[in-house]
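Summary of the model geometry
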Amino acid sequence: MDGAALSLAIRNSLAEVTQYADELRDLDAALGDGDLGVTVSLGAKAVIQALEDLPDDALPAEIAKTCAKAFANANPSTMAALVAGALLAGSRVWGESTTVSIDSGAEFTAAAADSIGKRGKSQVGDKTILDALAPAADALRGADTATEALERAIEAAERGVRETVGMQSMRGRASWLQERSIGLQDPGATAFLRFLEAWRDAN
Amino acid sequence: MDGAALSLAIRNSLAEVTQYADELRDLDAALGDGDLGVTVSLGAKAVIQALEDLPDDALPAEIAKTCAKAFANANPSTMAALVAGALLAGSRVWGESTTVSIDSGAEFTAAAADSIGKRGKSQVGDKTILDALAPAADALRGADTATEALERAIEAAERGVRETVGMQSMRGRASWLQERSIGLQDPGATAFLRFLEAWRDAN
Amino acid sequence: MKKLINEPENFVDEMIEGITLAHPDMVRTPRDDKRIMVRADAPRQDRVGIVTGGGSGHLPLFKGYVGAGLCSAVAIGNVFSSPSSDQIFEATKAVNGGAGVLYLYGNYGGDVFNFDLAADLAELEDIETLTVLGRDDVASQPRERSADRRGVAGIIFAYKAAGAAAERGDSLKEVAAAAEDIIDNTATMGIGLSPTILPTTGKASFDLPDGEMEIGIGIHGEPGIHRGVLETADEVAERLMRPLVEDLGLSSGDRIAVLVNGMGATPLEELYVLYRKVHRIAEELGLTVEKRYIGEYATSLEMAGASLSLLKLDDERLALLNAPASSPFFREG
Amino acid sequence: MKKLINEPENFVDEMIEGITLAHPDMVRTPRDDKRIMVRADAPRQDRVGIVTGGGSGHLPLFKGYVGAGLCSAVAIGNVFSSPSSDQIFEATKAVNGGAGVLYLYGNYGGDVFNFDLAADLAELEDIETLTVLGRDDVASQPRERSADRRGVAGIIFAYKAAGAAAERGDSLKEVAAAAEDIIDNTATMGIGLSPTILPTTGKASFDLPDGEMEIGIGIHGEPGIHRGVLETADEVAERLMRPLVEDLGLSSGDRIAVLVNGMGATPLEELYVLYRKVHRIAEELGLTVEKRYIGEYATSLEMAGASLSLLKLDDERLALLNAPASSPFFREG
Ligand SMILES: Nc1ncnc2c1ncn2[C@@H]1O[C@H](COP(=O)(O)OP(=O)(O)O)[C@@H](O)[C@H]1O
Ligand SMILES: Nc1ncnc2c1ncn2[C@@H]1O[C@H](COP(=O)(O)OP(=O)(O)O)[C@@H](O)[C@H]1O
Ligand SMILES: [Mg+2]
Ligand SMILES: [Mg+2]
Ligand SMILES: [Mg+2]
Ligand SMILES: [Mg+2]
């Protein structure tokens, strides 16, 4: 897909994802401070606006950078900063390329996961967004069609989200709950899953 | 009645009057700050204690002074200060006398009312304790028996209390309500009436 | 009840103990019963003493304004109750340095009767006293009856000015005149958003549904002049400011001091939102804000709400406000 | 909701406007968007700049500690939200006087990531930065993981010390070391009695029935280590004090600074009741309280509750605490 199609797909997905804002707020309220709903709804709005202001022939990497900047400043929370860094890392993978393929999408996602792990000093099993993002990046690789790739990623992310329930949070605000974090689902991982689902449903 | 009988009668009445503390608190809460219940219950307790510590042969005037001091310091509110001053003024009337008669009781009450009017710069019609106290002092005069005197005083005080309902408060905290004070019964006048009733019921 | 206390009966004494343990260099309790707190260096020879007092539950009022350039002593009552005349008298003796003592406190019946009694006792011991009453709450009485108004947060201007006058060696008459002059030029109005719970009874001091406001409320929850749906901060600023401007007869070119006072539970952020509009209205009216105080100066335990006080300034008043002062709760210069 | 605000979206900006209108001699907002506040005299040549920042709703934290002998600038986020890296970077440039800039703020993910980003941007412009994180809340992590603790009220000790070090001309490394040394020796624990209501959502930040307490609560209402029936002030003092003493390894003969901090709605009276018992426990343990701060230093809007911070003192730390400082909300010397 080219830049214009990518931009449209992102905007469609983000318009869709805001319906999950309350769910994310409630999950984050249980483990942290409850602002994830705001991060996602303000962030989605800001990104949509920023993409609309871009010229039609913007490159995919430029689009990803624009998303990063808008999302970072809308509500500068942990999730916003991590996601912005992840998008920037992904955009570097795309370089000057004018289209996005299944493979380059997979590489983008892997770079994004890598960035979050480095910045957040976190790894799979720490009960963070990584528990959904990392397996999804793996699942994207080697699919035959975009639809199949997306389905596999959703499945992997879903499994990852479910697994976070039993984990103890090792990073971020939720880690301060220590053992009390066990039994609760990670909001950041859930946010990533909902984004994938929104992509599927809106496009 | 002699000093011992007077002291006992006062203690009996005060033990009885505390049952009205909640009523007085609520009346005072509507027009002022609601502390009249505390003033009456702490004041009654302090006076009873102080009287118990007096020798059996204490003079009536001394008994009144002891009441004044204990009541003034228990919860030093407006009512406490006014009543204490009133009791002191009354005690002066009794001088060295060893007994209290209907007439000397009436004089005591008149002096008490006079003191409150002077100290409080208030007069009948200002919606204060005076609206019950002044007519009661008049009613006490010239009765044949103590029981009759008390009944007449209660009747006069009751009428006075009823009349306060229609008045606008001109003195104290309640006066800040201005027209909004009209329609509410004066707590201080009510307290005096309840004291008379307690005297009747307990002795 | 959501209070960090022990036995409610011990609340006041334990609080005083906390203050004297925390600030032994600034204040002390000269008597056993602790209900009297004086400047650490009292009595000061040939300086007018200033005794204030009133109920507890208003920190930093009244106890907080005992210090250099402020009051010399405070007599402390129970929550929302007057101190006794005995206590006031003892405070008077403890700070008398031979130049007389000013009684400076809020116009409440219980306090007035007890301070007056103490003045009688002081006279018997040849201590000269004068009395000036804080009576700045315009909601409690119209201008014609301003002598009967209750005293609220605006009294801190009078503490500051009288304290400065005493510190520089003014006579008792002069110190009283400075306080009186400030009070004549001070007007306050408050708004309440939620009641306070009295520690002893565990009951709310008044009844105010969530989302309603009481305009003109007193610092013990006394009813005001208007009750209605809670308005915006800007509307509230208008409602508080206009009557004060009128009461003080302020007009373009006048200089003022502003006090935006929190009643207890209202966040400092909201006080600044309120101040912003007050400042803007002042600008609009051509008034210059020369001094401003924003924070908690006279509270009502955990009541939510705020009050606005204006003081019309002249050079003398401003100089007295700017003179140095320090207590555990107040600093200037 | 019982808030004195206008449109919730404008809450933070209007509050900042109020602060700058009130204190133009002390702070200013160098940019149009106002979310950056700097000392009126910034940048100061050859002095280390100190930039702090964090969410709104904690006044006097963080904005209140910008001034002489304290921080040089603050980047201000929405209520309980981080400022953006852009804002932090702009603040950095505004206070850079050529001696480098210390980032000193609380250990929260959003803040950390945004300050780190700003540090990268600063490096590109050859501004040297170092970072020290407030992480004093012992309830958030055990001692072994103290690097991951969240930062709460105790950070004001670090502001005070780092500000004093910067003021006397220490190098960036030295200023950072002074801050780090303070933080290593500071421990805090808090108790919450009622939640705060977020202006934008109108919802309670957490759920706590009347009459219950949350021990170990964070300043955004983060859950603590124990929830139960509200205890007496003395019991609460024990519960807060003991883990701090253990965490800092305090023993007889040690000197400490004590901060009893109100979270917003809790009356000052109650903080003194709490301080009283803290002081008594300290005496019992042979600890000398050399400095004490009692009042609201780091709040959570109108949350009811309090926190206790202890700082283990040595001569150097005490000297830094005692150095002069002044901001609209803080004075020393
Ligand atoms: N160090 C980290 N590494 C990776 N993910 C993290 C880290 N810290 C937090 N997260 C993710 O961020 C989510 C919370 O995001 P957000 O609500 O923005 O945080 P906060 O409110 O603390 O700023 C968590 O559910 C988790 O998935
Ligand atoms: N100036 C006055 N003269 C006479 N009675 C007064 C005066 N002021 C108040 N009172 C009486 O005192 C009562 C209130 O007493 P109290 O609750 O002790 O007052 P406060 O709470 O204001 O100290 C009123 O109901 C009224 O009867
Ligand atoms: Mg969050
Ligand atoms: Mg957050
Ligand atoms: Mg009363
Ligand atoms: Mg009273």
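Reading the values: rules and limits
- Along each chain, the written sequence defines residue order, and numbers are assigned to residues from 1.
- Each chain is given a letter, starting from A, and each ligand a number, starting from 1, according to the order in which they appear as written.
- Two thresholds apply to this predicted model, a pLDDT of at least 70 for residue-level local features and 80 or more for giving and counting side-chain atom pairs, whereas whole-chain, interface and lining totals are computed over all residues.
- To obtain the side-chain values, all non-hydrogen atoms of the structure were used and water was disregarded.
- Secondary structure elements follow DSSP: runs of H or I of four or more residues count as helices, runs of E of two or more count as strands, with numbering from the N terminus.
- The globule rule used here is 2.2 Å times the number of residues to the 0.38 power, and the radius of gyration it is set against is calculated over C-alpha atoms.
- Buried, partly exposed and exposed residues are distinguished by accessible area as a fraction of the type maximum, computed with a 1.4 Å probe on protein chains only: under 20%, between the cut-offs, and over 50%, respectively.
- Whether two residues touch is decided by their heavy atoms; if any such pair falls within 4.5 Å, the residues are in contact.
- Each accessible area value is a Shrake-Rupley result obtained with a 1.4 Å probe; residue values ignore everything except the protein chains displayed when judging cover.
- In summary, the charge assignment counts Lys and Arg as positive and Asp and Glu as negative, without counting His or the chain termini.
- Throughout, a charge is located at the NZ atom of Lys, the CZ atom of Arg, the CG atom of Asp or the CD atom of Glu.
- Buried area is calculated as the accessible area (1.4 Å probe) missing from two parts once they are joined, with the contributions of both summed.
- When a carboxyl oxygen of Asp or Glu is within 4 Å of a side-chain nitrogen of Lys or Arg, the pair counts as a salt bridge.
- For the purposes of these results, a polar contact is taken to be a pair of N or O atoms within 3.5 Å, where, inside protein, one atom must be able to donate a hydrogen and its partner to accept one; residues adjacent in sequence count only when each atom of the pair is a side-chain atom.
- Only Asp, Glu, Lys and Arg are considered charged in this grouping, and only Ala, Val, Leu, Ile, Met, Phe, Trp, Tyr, Cys and Pro are considered nonpolar; every other residue, Gly among them, is considered polar.
- Each residue is tested against the molecule or strand, and it is near if at least one of its non-hydrogen atoms lies within 4 Å.
- Shown as donors are all N, O and S atoms within 2.8 Å of a metal ion, widened to 3.2 Å for Na, K and Ca; because water is not in the atom set, sites may appear incomplete.
- The aromatic pairing rule takes the rings of Phe, Tyr and Trp, using the six-membered ring of Trp, and pairs them if the centres are within 6.5 Å, calling planes under 30 degrees apart stacked, those over 60 edge-to-face and the rest tilted.
- Here, a charge over a ring is recorded when the distance from Lys NZ or Arg CZ to the ring centre is within 6 Å and its angle to the ring normal is within 35 degrees.
- Each pair of strands is called paired provided DSSP finds at least two bridges between the two strands.
- Along the chain, pLDDT gives the predictor's confidence residue by residue, from 0 to 100.
- Interaxial angles span 0 to 180 degrees and are taken between N-to-C directions of axes, which are lines fitted to C-alpha atoms, for helices over the stretch in contact.
- Here, the term nonpolar core denotes a set of buried Ala, Val, Leu, Ile, Met, Phe, Trp, Tyr and Cys residues that are joined through side-chain atoms within 4.5 Å.
- Candidates for patches are residues over 30% relative accessible area with no salt bridge; among them, like charges are joined within 9 Å and nonpolar side chains (Val, Leu, Ile, Met, Phe, Trp, Tyr) within 5 Å.

Moving on, we get to the overall build of chain C. Scanning chain C for helices and strands turns up eight helices and 14 strands. A globule of 333 residues ought to have a C-alpha radius of gyration of about 20 Å, and chain C, at 19 Å, matches this closely. With 333 residues in all, chain C has 67% of them scored as buried. The contacts of chain C with a sequence gap of at least 6 include a subset with a gap of at least 24, amounting to 72%. Here chain C has roughly 10100 Å² of accessible surface; of this, 46% comes from carbon and sulfur atoms. Across chain C, the 32 positively charged side chains and the 52 negatively charged ones have centroids separated by 3 Å.

Within chain A, the regular secondary structure consists of nine helices and zero strands. Expected size for 203 residues packed as a compact globule is a radius of gyration near 17 Å; at 16 Å, chain A falls within 12% of this value. Summarising its shape, the C-alpha atoms of chain A cover approximately 50 × 35 × 30 Å along the three principal directions. The buried share of chain A, taken over its 203 residues, is 57%.

Take the interface of chain C and chain D next. Taken together, the contact between chain C and chain D spans 52 residues of the former and 52 residues of the latter. Of all residues in chain C, the largest losses of buried area upon contact with chain D belong to Leu4, Glu269 and Tyr272 of chain C, amounting jointly to 18% of the total for that side. At the surface where chain C touches chain D, the tally comes to six salt bridges. Its salt-bridge partner being Arg280 of chain C, residue Glu17 of chain D comes within 2.6 Å of it at the nearest N-O pair. In this structure, the connection of chain C to chain D is made through 26 residue pairs in polar contact (both at pLDDT 80 or more). Of all the secondary-structure elements, those providing two or more residues to the side of chain C that touches chain D are α1 (11-22), β7 (186-194), α6 (233-247), α7 (268-285), β11 (288-295) and β12 (304-313) of chain C. Top contributing element to the side of chain C that touches chain D by residue count: α7 of chain C, with 10 residues. Tallied by class, the residues present in the side of chain C that touches chain D amount to 27 nonpolar, 11 polar and 14 charged.

On to the site of ligand 2, then. Residues and elements named next belong to chain B. Contacts to ligand 2 come from 20 residues, most closely from Asp35, Thr78, Ser122, Arg173 and Asp186. The contact in question runs from a nitrogen atom of ligand 2 to an N or O atom on the backbone of Gly120, over 2.9 Å. Between Ser122 and ligand 2, the recorded distance is 2.8 Å, taken from a side-chain N or O atom to a nitrogen atom. For ligand 2, whose accessible area on its own is 570 Å², the fraction buried by protein is 93%. When residues of the shell around ligand 2 are traced back to their parent elements, those giving at least two are α5 (78-94), α6 (102-120) and α9 (187-202). For the shell around ligand 2, a count of residues per class yields seven nonpolar, seven polar and six charged.

Okay, the coordination of the magnesium ion (ligand 6) next. All names here are of chain B. Protein-derived ligands of the magnesium ion (ligand 6) are Asp33 (OD) and Asp35 (OD), with the metal-ligand distances lying across 2.1 to 2.4 Å. Separation of the magnesium ion (ligand 6) from the magnesium ion (ligand 5) amounts to 3.8 Å, with Asp33 serving as a shared donor to the pair. Owing to a relative accessible area of 17%, Asp35 belongs among the buried residues under this scheme.

Attention now goes to the packing of aromatic side chains. A complete count under the given rule lists 22 aromatic pairs over all chains for this structure. Relative to Phe115 of chain D, the ring of Tyr103 of chain D has its centre 5.1 Å away and its plane inclined at 65°; by these criteria the two rings are edge-to-face. Separated by 12 residues along the polypeptide, Tyr103 of chain D in strand β5 (residues 101-106) and Phe115 of chain D in helix α3 (residues 109-124) bring together distant segments of the chain. The ring of Tyr20 of chain B has Arg194 of chain B lying over it, and the distance from NZ or CZ to the ring centre is 5.3 Å.

Let us look at the pairing of β12 of chain C. All names here are of chain C. The element β12 is extensively covered by neighbouring structure, given that nine of its 10 residues are classed as buried. Inspection of the sheet shows β7 paired to β12 by eight bridges, in the antiparallel sense. Note on β12: the bridge partner recorded for Gly190 is Ser307. Strand direction decides the pairing type here: strand β10 (residues 255-262) and β12, joined by eight bridges, are antiparallel. Bridge assignment links Arg255 to a residue of β12, and that residue is Leu313.

With that settled, consider the confidence of the model for chain C. Residues of chain C with pLDDT of at least 70 account for 100%, and the chain-wide mean is 95. Across the whole predicted complex the pTM is 0.92, and at the interface the ipTM reaches 0.89.

What follows deals with the pattern of salt bridges. Residues and elements named next belong to chain C. Summed over the entire model, instances satisfying the criterion amount to 88 salt bridges over all chains. With its nearest N and O atoms 2.5 Å apart, the salt bridge here joins Glu302 to Lys3. Placement of the pair is Glu302 in the loop between β11 and β12 and Lys3 in the segment before α1, with a sequence separation of 299 residues. Lys3 shares its class with Glu302; the two are buried.

Before going further, it helps to spend a moment on the coordination of the magnesium ion (ligand 5). All of the protein donors around the magnesium ion (ligand 5) are Asp28 of chain B (OD), Asp33 of chain B (OD) and Asp35 of chain B (OD); their distances to the metal are 2.1 to 2.2 Å. Positions of the donor residues of the magnesium ion (ligand 5) along the chain correspond to the pattern D-x4-D-x1-D.

For residues other than glycine, phi is negative in most cases, and the peptide bonds are mostly trans. Residues and elements named next belong to chain C. With an omega of 5°, the peptide bond between Leu59 and Pro60 qualifies as cis. Relative to the helices and strands, Pro60 resides in the loop between β3 (49-56) and β4 (73-79). Cis geometry is found at the peptide bond from Leu61 to Phe62, where omega equals -15°. Of note, Phe62 is situated in the loop between β3 and β4.

Of all residues in chain A, 100% attain a pLDDT of 70 or more, and the chain-wide mean is 95. Looking over chain A, one finds the lowest element-wise mean pLDDT in helix α2 (residues 21-31) of chain A, namely 93, and the highest in helix α9 (residues 187-202) of chain A, namely 98.

All names here are of chain C. Spatial strand order, β9-β8-β7-β12-β10-β11: six strands in an open sheet with mixed pairing. The sheet terminates laterally at β9 (226-229) and β11, the two strands that pair on one side only. Across this sheet, the average inter-strand angle for adjacent strands is 15°, counted without regard to direction. One ladder, built from seven bridges, connects β10 with β11; its direction is parallel. Counterpart to Ile256 in the pairing with β11 is Val289.

Turning our attention to the nonpolar core. Counting residues in each nonpolar core, the largest one holds 214 residues, and the members touching the most others are Leu102, Leu104 and Leu310 of chain C together with Leu102, Leu104 and Leu310 of chain D. Excluding residues within four positions of it along the chain, Leu310 of chain D makes contact with Phe157, Asn185, Thr186, Ala187, Met241, Leu244, Val245, Leu248, Leu250, Ile256, Ala257 and Val258 of chain D. In this structure, Ala9, Ala81, Ala132 and Ala143 of chain A belong to the second largest nonpolar core, which totals 60 residues.

As a further point, take the site of ligand 1. All names here are of chain A. Looking at ligand 1, there are 20 residues lining it, with Asp33, Asp35, Thr78, Ser122 and Asp186 nearest. Contact between ligand 1 and Ser122: a nitrogen atom at 2.8 Å from a side-chain N or O atom of the residue. Protein contacts shield 93% of the accessible area of ligand 1, which totals 570 Å² for the unbound molecule. Only α5 (78-94), α6 (102-120) and α9 provide two or more residues apiece to the shell around ligand 1. Counted by class, the shell around ligand 1 contains seven nonpolar, seven polar and six charged residues.

Each side of the interface is counted separately: chain C has 30 residues, and chain B has 20 residues. Regarding the contact of chain C and chain B, the summed buried area is about 2100 Å², with carbon and sulfur atoms giving 48% of it. Contact with chain B buries area across many residues of chain C, yet Phe113, Arg145 and Pro223 of chain C alone supply 25% of it, more than any other trio. Between chain C and chain B we count two salt bridges in total. One salt bridge in this structure joins Glu222 of chain C and Arg173 of chain B, with 2.5 Å as the shortest N-O distance. Our count for the contact surface shared by chain C and chain B stands at 13 residue pairs in polar contact (both at pLDDT 80 or more). In terms of residue class, the side of chain C that touches chain B is built from nine nonpolar, 13 polar and eight charged.

This part takes up a negative patch on the surface. Residues and elements named next belong to chain C. Taken together, the side chains of Asp116, Asp120, Glu123, Glu125 and Asp126 present a region of like negative charge at the surface. As for its position among the elements, Glu125 is in the loop between α3 (109-124) and β6 (129-134). A relative accessible area of 45% places Glu125 in the partly exposed class.

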